[in-house]
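# Observations on the three-dimensional arrangement
What follows is the residue order along each chain.
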Amino acid sequence: MSGNSISFISFCLSILFTLTGCATRLPTDVQRMPSAAITDHSTTYLGQLFDSAAAMHPAESGFTLIRKGRPAFTDRIAMTALAEKSLDLQYYIWEADTTGRILSLRLVEAANRGVRVRVLIDDNTIAGRDSPIAALDAHPNIEIRIFNPFAHRGSRLFGYLTDFNRLNHRMHNKVIIADNALAIVGGRNIGNHYFGVHTDANFRDLDIASAGPIVRDLSMVFDHFWNGQWSYPISTLVNRTHSKDDLSDTVATIQTLIQEEAYPYPLNQDVAQLTGQMRKVRDDFIWAQGEVIWDDPRTLHDGEGASIINEKLYRKFQTLENELLIESAYFVAADRGVQAAHELQKRGVKVRILTNSLASNDVVAAHAGYAKYRKPLIETGVELYELRPDSVSPTVVEQKIISSGQSKAALHTKAIVFDRESIFVGSFNLDPRSANINTEMGLYVKDAELARQLAVYMDEGVQPINAYQVVLDENEKVVWRTQIDGTPVTYTKEPESTFWQRFMSGFIKMLPVEGQL
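Anyway, here's the lowdown on the structure attached to this text. (Residues numbered from 1 in each chain as written. Predicted model: local features only at pLDDT ≥ 70, side-chain atom pairs only at ≥ 80, totals over all residues. Heavy atoms only, no water.)

A complete count under the given rule lists 18 aromatic pairs for this structure. Relative to Tyr-160, the ring of Phe-150 lies with its centre 5.2 Å away and its plane at 85°, an arrangement referred to as edge-to-face. Of the two residues, Phe-150 is situated in the loop between strand 4 (142-147) and helix 6 (156-167) and Tyr-160 in helix 6; the sequence distance between them amounts to ten residues. Under the relative-accessibility criterion, Phe-150 is labelled buried at 0%. Exposure remark for Tyr-160: the relative accessible area of 2% places this residue in the buried category. (Phe/Tyr/Trp six-rings, centres within 6.5 Å; stacked < 30°, edge-to-face > 60°. Helix = DSSP H or I, 4+ residues; strand = E, 2+ residues; numbered from the N terminus. Buried < 20%, exposed > 50% of the residue type's maximum accessible area, 1.4 Å probe, protein only.)

Structure (structure tokens):
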């Protein structure tokens, strides 16, 4: 399950139990060796490659969208191959699956060449993997830190029951930076679902690659998280020191598993082709003014205010004149969102939203929160769409070839187009969890061509072969319209969903949990 939220069951149990007196404690004498992004990026291949372009575009940075899963993974592996001095990675989810293992192995290979590797992972989804992670950390050029870790390493449920207020805050950021010169930010975590590799279900998702001065800004954000008190070296969370022998054994295990699992695309060929045409890649970048928007974990942990991203987005909404396009995997409008849509409609601004249907959503609780506001949104004039689980979007169609057409589609994109003049791409869902609980990050870029490209991507998502349009019928009831083999079809209940999904969504909708979704 993709995790924009903690387990709903864990949350409900945390309400029922108050066991604060028996919580296991985190280590207090943690030695965090401070470190920072390299300052001599211009001496590296990637630095020189993109600095030459940046010099022609003063005060601007380079950007390009990464739409499909296969190239999204190839790009990341290519960055590990091209890096000469540093690799910094920050992710909410890092699965122990084929793509997760391949990337881990490539980081070891980069470290063997002398590249400094820093990895910051949120602790919410790595239960039971402390030892192999600590073994990779035993490499002299690799350091791995865990964000906001569970004190009780054996039970996430026990942790939530005893320390919910702290552990409820998660780091939802996703970024990889090579040589402080090239970065990828966006919605994708590390795992098969995000790269068109899973045989059962794959995400429609989106990243944005960046180069130029904005990469130094991204590195400053990474350093802030890395050196903060909420990040713990994995070595402080395990009960023994891991050695070079542990590293060798773990690498051998990873290599064996990779061979057994068989990545379905010719990865080495893909990477060689990409690295061999980096000048063309650079020349395809769009140079524009951009800004890193991010949440400081100190603010969210201390309860001092809502997400900086959330507030900036709402202020941006107030300036729009023509159109707002939103694609968000988890979309819980809340009263504020409905009111904002109403204000935009009164000004004549078109609002179009694509989110998950119940059948495509991997978090039923999030869908329950969204469904509560579905009718009010439509009544304001919003054009509302939900992704079909059998979508033939090119962002997932490659995997359908591999799995003989059985792969389920789901939406994981977090992107916005403002008046076709500027865009936002990042980890931020338009829901209360992203707005008030998790840390998030993304890029805001002001450029009409980039906005046009993103709008084309988003237009594809709402086509009848990919989505249901959600409207009200003549009786003011919610219905779903689409086309099957070119024939118009209307559903009067959540399409392709099971009774159990509908029951759980309806039940959760009645609970006072909206702020956690």
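Moving on from the coordinates now.
Our focus in this paragraph is helix 13 (residues 334-346). Taking 1.5 Å per residue as the helical rise, helix 13 with its 13 residues ought to reach 18 Å, and the 19 Å between its terminal C-alpha atoms agrees with that figure. Those residues of helix 13 lying buried are Ala-334, Gly-337, Val-338, Ala-340, Ala-341 and Leu-344. Buried residues in helix 13, looked at end-on, bunch into an arc of 160°, giving them a common side. Turned more than 90 degrees off the buried face of helix 13, the exposed positions are Asp-335 and Lys-346. Contacts from the buried residues of helix 13 go to helix 12 (308-317), strand 11 (323-328), strand 12 (350-356) and helix 15 (374-380). Note on helix 13: the residue one or two positions beyond its end, Gly-348, has a positive phi of about 85°. (Expected span 1.5 Å × (residues − 1). Arc of directions from axis to C-beta. Contact = heavy atoms within 4.5 Å.)

Below, the discussion takes up the side chain of Thr-482. Structurally, the position occupied by Thr-482 is in strand 19 (residues 478-484). Overall, the relative accessible area of 5% leaves Thr-482 in the buried class. Side-chain polar atoms of Thr-482 contact the backbone oxygen of Pro-464, separated by 2.6 Å. In terms of polar contacts, Thr-482 uses its side chain to reach the backbone carbonyl oxygen of Ala-467, at 3.2 Å. Contacts of Thr-482, omitting those with residues within four sequence positions, involve Arg-388, Pro-464, Ala-467, Tyr-468, Thr-487, Pro-488, Val-489 and Tyr-491. (Polar contact = N/O pair within 3.5 Å; in protein donor to acceptor, adjacent residues only side chain to side chain.)

Taken together, the side chains of Phe-499, Trp-500, Phe-503, Phe-507 and Met-510 make up a nonpolar region of the molecular surface, amounting to roughly 630 Å² of accessible area. Structurally, Trp-500 can be placed in helix 19 (residues 499-509). When its relative accessible area of 54% is taken as the criterion, Trp-500 is described as exposed. (Patch = residues over 30% accessible without salt bridge, like charges linked within 9 Å, V, L, I, M, F, W, Y side chains within 5 Å. Areas by Shrake-Rupley, 256 points an atom, 1.4 Å probe, with all protein chains shown as cover. Salt bridge = Lys/Arg side-chain N within 4 Å of Asp/Glu carboxyl O.)

Moving on, we come to helix 4 (residues 98-112). Helix length check: helix 4 (15 residues) gives 21 Å between terminal C-alpha atoms against 21 Å at 1.5 Å per residue, within 8%. Once helix 4 ends, the next one or two residues include Gly-114, with phi positive near 100°.

Quick look at the environment of Asp-246 now. Structurally, Asp-246 can be placed in helix 8 (residues 244-261). Taking the C-alpha atoms as reference, Asp-246 lies 39 Å from Leu-517; in sequence the two are 271 residues apart. What Asp-246 contacts, discounting residues up to four positions off in sequence, is Ala-135, Arg-240 and Thr-241. A distance of 3.0 Å separates a polar atom in the side chain of Asp-246 from a polar atom in the side chain of Arg-240.

In terms of nonpolar packing, the biggest core is built from 69 residues, with Leu-87, Leu-89, Trp-94, Val-117 and Ile-144 touching the most fellow members. With seven residues, helix 4 is the single largest residue contributor to this core. Sequence-distant contacts of Leu-89, defined by excluding residues within four places in its chain, comprise Trp-94, Leu-103, Leu-107, Val-117, Arg-118, Val-119, Leu-120, Val-175, Ile-176 and Phe-222. Grouped together as the second largest cluster of nonpolar side chains are 46 residues, Leu-320, Leu-344, Leu-384 and Val-513 included. (Core = buried A, V, L, I, M, F, W, Y, C linked by side-chain atoms within 4.5 Å.)

So far we have only geometry, and geometry alone does not tell us how the molecule works.
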